[in-house]
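Structural characterization, general
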Amino acid sequence: TITGQIVEVLPNGDFVIEAHKSVLVNSEKNQLDLRALLRWNDVTTANTVRSDRLGNVQIKLNGKGLVSDAIRRPNLL
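Residues numbered from 1 in each chain as written. Predicted model: local features only at pLDDT ≥ 70, side-chain atom pairs only at ≥ 80, totals over all residues. Heavy atoms only, no water.

One pass over the structure, following the stated rule, counts four salt bridges. The residue Arg53 makes a salt bridge to Asp42 at a minimum N-O spacing of 3.3 Å. Taken together, the positions of Arg53 in the loop between strand 3 (28-38) and strand 4 (55-65) and Asp42 in the loop between strand 3 and strand 4 put the pair eleven residues apart, joining distant regions of the chain. Its relative accessible area of 12% is what places Asp42 among the buried residues. Among the ionic contacts, a cluster of salt bridges with common partners joins Arg39, Asp42 and Arg53. (Salt bridge = Lys/Arg side-chain N within 4 Å of Asp/Glu carboxyl O. Helix = DSSP H or I, 4+ residues; strand = E, 2+ residues; numbered from the N terminus. Buried < 20%, exposed > 50% of the residue type's maximum accessible area, 1.4 Å probe, protein only.)

Quick look at the confidence of the model for the protein chain now. Residues of the protein chain with pLDDT of at least 70 account for 83%, and the chain-wide mean is 86. When mean pLDDT is taken per element in the protein chain, strand 1 (residues 4-9) scores highest with 96 and strand 4 scores lowest with 88. (pLDDT = per-residue confidence, 0-100.)

With that out of the way, let us pick up the environment of Gly55. Secondary-structure assignment places Gly55 in strand 4. On the basis of relative accessibility, which here comes to 23%, the residue Gly55 falls in the partly exposed class. Along the sequence, Gly55 and Ala36 sit 19 residues apart, while their C-alpha atoms lie 5.8 Å from each other. Discounting residues that sit within four places of it in the chain, Gly55 has contacts with Ala36 and Leu37. (Contact = heavy atoms within 4.5 Å.)

Here it is, written out as structure tokens:
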């Protein structure tokens, strides 16, 4: 689940939405950025949208931090 907002209304009534979410996993901070097209009639009465109703989806995932200690380098011998 991710919360977004409308950043543009297109001439045909469709919306351009953007959403951002930060998640900390195994000492790594991941930033998820999403941009997509949304038709107004795909918004439910609960003000939610299923991901399969989005169009032209662009997802960007950036991570920063240490690699988990569970990952071991192979022994040279």
